Amino acid sequence: MTEAQTSFQDLAQLCRDLEQTTSRNEKAERIGELLKNLKRDEISPAVRMIVGKIFPDWDERVLEVSGRTVWKLLPKQRQRQAALLPSHLTILEAYRNFSEIAAASGPGSRTKKERVIESLLGEANSLEAEYLTRMLLHEMRIGVVEGVMLEAIAKASGSNITLVRRAMMILGDLGEVADLALTGGKTALEQVTIRLFRPVRLMMAEMSYDLSEIFGEHKSGTAFEFKFDGARIQVHKKDGEVRIFSRRLTDVTRSLPDVVETIQKEVRADEALVEGEVVAVGPNLKPLPFQELMRRFRRAHEIGHAIHEIPLKLYLFDILYLNGRQLIDLRYEERWALLSEICPPEILAERIVTGDLDEVQRFLAKAMNAGHEGLMAKALDSPYVLGVRGRNWFKIKPADQLDLVIVAADWGYGRRSGWLSNYHLAARDEASGTYLEVGKTFKGLTDDEFEWMTRRLQQLKISEGEYTVSVKPELVVEVAYNEIQKSPHYKSGFALRFARIVRIREDKRPEEADTIERMRTLFEKQFEHKGRPI
Ligand code: AMP
């Protein structure tokens, strides 16, 4: 350890100060001050530790430390602590320890991890131990989300926040962005471009509830594509090597050898970054429910079987990089033209370009009949905006709805604390006259409605646990959902995917709510257009 290294205590003290600051601006200022005084090789570790994300999303390393392990080791830390002089822990040393914890794998890794944690906490004073613990558990609770850190980086380096954000969307690593901004400034940030095999943050869509609003928004025209109900992937290809990343930017290449093969065979480019959706399909090539696809992703180990059991179909819909050229600033139309030059139509999303509402309706019906989820509407003149949800892309999904009864509710936390805000939804079982749970949701209500619900449900209270209040089955809500799934978890046997409350139906009595029987019928009906799981 050299004299010049910054002590971990400085960082821990900053975390404590940030915890007591509510102003976002002030938080960014304070972090910026620390960053400016760090040595170059301390910047990236410090940034990652402050946000409590020790490794970037795409990094395969993980700490994998449980709360139980840490709590077990903490008392020992306190005993030793009493006999210790002030801490000499540095930022770099703390980070090295984190890397060592992540590196411990294979048999005996638990013990190895524990040994490192124990010695790390042993060196720390109590302030440091507090924040080391939170870092180990990815729970900083100091209100420094990614956006605040990006502002801090912009302030500390005197860079434009838009440039800083853009670099983050491409690199996906706050540490690296901070390092670039503070050491290379504007020039370095401007030079950040897509690199193959480093996943980028993908563009996102807003929900559209009214087709005519789309035409109002997209002045230069709209392309409509099938919206597939699968998993989004970005595929990087360079000189025959292919790597695939999930929506959460983790490397899923090993689960998808068949997709790798398709890309190698069908995508005619030495270097490309394309994106699309993979869908699990049944024997007749009809899409299978989403659950089946997830089974396939979980099977990285015995993938040989799964390939045959759950075949996948690939649909590409965008291209971000081609043979040394970054394409995100091109218009959608131009990108699509390049994509279709290098791919055969069988692996592209089905689409039309139209300004005619009737034609859109017909195309939507076609997508639904083919077992897909709906349509995407994309502005022809829009660039590819990394990591941003906006109105250049709309999603169109005719949702299904059920009337369900609330049988319990959990107390909320964070912004929803003080409200009963997570609702247990149940359908009526005609045979027994009881209500059986089919899902939970906290989505869809306004603040006023949360207030109202909290009061109303307390009147209906039957019993109360630590987090959950059970209520008389009385209150009916209209619930939208995307799919009915089979559930081993609920006694009803069913679970709703993406349930959200559309309306509180005080006008309905619980006896009028939908039944388990009806859910069974709807569940079966899903297979008129979808393939059936085996
Ligand atoms: P969201 O992620 O909420 O913006 O919803 C859009 C999601 O729909 C994407 O993340 C994709 O996984 C999925 N999707 C299905 N088909 C398409 C398509 N043709 N274009 C873009 N996204 C699609």
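Residues numbered from 1 in each chain as written. Predicted model: local features only at pLDDT ≥ 70, side-chain atom pairs only at ≥ 80, totals over all residues. Heavy atoms only, no water.

K.L.:
Help me understand the overall build of the chain in this model?
P.N.:
Looking only at helices and strands, one finds 18 helices and 19 strands in the chain. The C-alpha atoms of the chain give 26 Å as radius of gyration, which agrees with the globular expectation for 534 residues (24 Å, within 12%). In terms of overall dimensions, the chain has C-alpha extents of about 70 × 65 × 50 Å along its principal axes. Per-residue burial for the chain yields a buried fraction of 54% across its 534 residues. Relative to all contacts within the chain whose residues are 6 or more apart in sequence, the contacts with residues 24 or more apart total 70%. Summing over all exposed atoms, the chain offers an accessible surface of approximately 25,300 Å²; the carbon and sulfur share of this is 49%. Separation of charge centres in the chain, based on 79 positive and 81 negative side chains, amounts to 2 Å. (Helix = DSSP H or I, 4+ residues; strand = E, 2+ residues; numbered from the N terminus. Rg over C-alpha atoms; globule rule 2.2 N^0.38 Å. Buried < 20%, exposed > 50% of the residue type's maximum accessible area, 1.4 Å probe, protein only. Contact = heavy atoms within 4.5 Å. Areas by Shrake-Rupley, 256 points an atom, 1.4 Å probe, with all protein chains shown as cover. Lys, Arg positive; Asp, Glu negative; His and termini not counted. Charge placed at Lys NZ, Arg CZ, Asp CG, Glu CD.)

K.L.:
Hey, could you run me through the packing of aromatic side chains in this one?
P.N.:
Note on aromatic pairs: each is described by the distance of the centres and the angle between the planes. This structure, assessed with the given rule, holds eleven aromatic pairs. An angle of 90° between the planes, with centres 5.9 Å apart, marks the rings of Tyr384 and Trp393 as edge-to-face. Positioned above the aromatic ring of Trp393 is the side chain of Lys378, whose terminal nitrogen or guanidinium carbon lies 4.0 Å from the ring centre. Taking the ring centre of Phe442 as reference, the NZ or CZ of Arg416 above it sits at 4.3 Å. (Phe/Tyr/Trp six-rings, centres within 6.5 Å; stacked < 30°, edge-to-face > 60°. Lys NZ or Arg CZ within 6 Å of the ring centre and 35° of its normal.)

K.L.:
Explain the environment of Ser7 here, please?
P.N.:
Locating Ser7 in the fold gives a position in the segment before helix 1 (8–19). Separated by 98 residues in the primary sequence, Ser7 and Ser105 have C-alpha atoms spaced 29 Å apart. With sequence-adjacent residues up to four places away left out, Ser7 is seen in contact with Leu89, Thr90 and Ile91.

K.L.:
Looking at this structure, I do not really get the site of the ligand. What am I missing?
P.N.:
With respect to spatial proximity, 15 residues lie near the ligand, and among them Ala205, Arg247, Glu277, Lys378 and Lys395 are the closest. Take Arg389: an N or O atom from its side chain is 3.0 Å from an oxygen atom of the ligand. Listed by contribution, the elements that provide at least two residues to the shell around the ligand are strand 1 (204–207), strand 2 (222–227), strand 9 (374–379) and strand 10 (389–396). Of the residues belonging to the shell around the ligand, the class tally is seven nonpolar, no polar and eight charged. (Near = heavy atom within 4 Å. Polar contact = N/O pair within 3.5 Å; in protein donor to acceptor, adjacent residues only side chain to side chain. Nonpolar A, V, L, I, M, F, W, Y, C, P; charged D, E, K, R; others polar.)

K.L.:
When you look at helix 17 (residues 447–459) in this model, what are you seeing that I'm missing?
P.N.:
Because an α-helix packs 3.6 residues into every turn, residues spaced three or four apart end up facing the same way. Here helix 17 is 13 residues long and its end C-alpha atoms lie 19 Å apart, about the 18 Å a rise of 1.5 Å per residue gives. If you check which residues of helix 17 are buried, you get Phe450, Met453, Thr454 and Leu457. Looking down the long axis of helix 17, one finds its buried residues gathered within 100° of arc, a one-sided arrangement. Along helix 17, the residues that are exposed and aim more than 90 degrees away from the buried face are Asp448, Arg455 and Gln459. Packing partners of the buried residues in helix 17 comprise strand 11 (400–411), strand 12 (420–429), strand 14 (461–464), strand 15 (468–471), strand 16 (476–481) and strand 19 (500–504). (Expected span 1.5 Å × (residues − 1). Arc of directions from axis to C-beta.)

K.L.:
Could you clarify how one ought to interpret the sheet that holds strand 3 (residues 231–238) in this entry?
P.N.:
As summarised here, the arrangement of the five strands in space is 4-3-5-6-7, forming an open sheet in which the pairing is antiparallel. Two strands lie at the open edges of the sheet, namely strand 4 (241–246) and strand 7 (325–326), each paired on one side alone. Both strand 5 (residues 271–280) and strand 6 (residues 312–322) contribute to a ladder of nine bridges, which runs antiparallel. Note that in strand 6 the partner of Leu273 across the bridge is Tyr321. Against the sheet, helix 15 (residues 332–342) touches strand 5, strand 6 and strand 7, its axis set at about 120° to strand 6. (Pairing = 2+ DSSP bridges. Axes fitted to C-alpha atoms, helices over the stretch in contact; angles between N-to-C directions.)

K.L.:
What should I look at first to understand unusual backbone geometry in this one?
P.N.:
For residues other than glycine, phi is negative in most cases, and the peptide bonds are mostly trans. The phi angle at Phe197 is positive, at roughly 75°, despite the residue not being glycine. Assignment of secondary structure puts Phe197 in the loop between helix 10 (174–190) and strand 1. Even without a glycine there, the phi angle at Leu249 is positive, about 70°. The residue Leu249 is located in the loop between strand 4 and helix 12 (257–266) in this model.

K.L.:
I would appreciate a short explanation of the sheet that holds strand 1 in the present structure.
P.N.:
To summarise the sheet geometry, strands pair through backbone hydrogen bonds and adopt either a parallel or an antiparallel arrangement. Strand order in the open sheet formed by five strands is 1-10-9-2-8, and the pairing between neighbours is mixed. At either margin of the open sheet sits one strand with a lone partner, and together these are strand 1 and strand 8 (351–353). When the angles between neighbouring strand axes are averaged without regard to direction, this sheet yields 35°. Across four bridges, the pairing between strand 1 and strand 10 is parallel. Within strand 10, the position partnered with Met207 by the bridge is Lys395. Strands in contact with helix 15 are strand 2, strand 8 and strand 9; relative to strand 2, the strand with the most contacts, it is inclined by about 55°. Together, strand 2, strand 8, strand 9 and strand 10 form the strand contacts of helix 16 (residues 357–369), whose direction differs from that of strand 9 by roughly 135°.

K.L.:
Please clarify how the nonpolar core should be interpreted in this entry.
P.N.:
Nonpolar side chains in soluble globular proteins generally cluster together in the buried interior. In terms of nonpolar packing, the biggest core is built from 136 residues, with Ile31, Met49, Ile50, Phe98 and Met149 touching the most fellow members. By residue number, the principal contributor to this core is strand 6, which donates nine residues. In this structure, Phe98 is in contact with Met49, Ile54, Phe55, Leu63, Leu132, Met135 and Leu136, ignoring residues within four places of it in sequence. Leu420, Phe450, Val469 and Tyr481 belong to the second largest nonpolar core, which has 33 residues in total. (Core = buried A, V, L, I, M, F, W, Y, C linked by side-chain atoms within 4.5 Å.)

K.L.:
For this particular structure, what's the right way to read the pairing of strand 15?
P.N.:
It is a general feature of regular strands that their side chains alternate between the two faces of the sheet. The two faces of strand 15 differ: Val469 and Val471 on one face are buried, but Thr468 and Ser470 on the other face are not. Pairing analysis gives three bridges linking strand 11 to strand 15, with the strands arranged antiparallel. What sits directly across from Ala409, in strand 15, is Val469. Pairing analysis gives three bridges linking strand 14 to strand 15, with the strands arranged antiparallel. The residue of strand 15 that forms the bridge with Glu464 is Val469. Between strand 14 and strand 15, which pair antiparallel and follow one another directly, the connecting turn spans three residues.

Coordinates in, geometry out; function isn't part of it.
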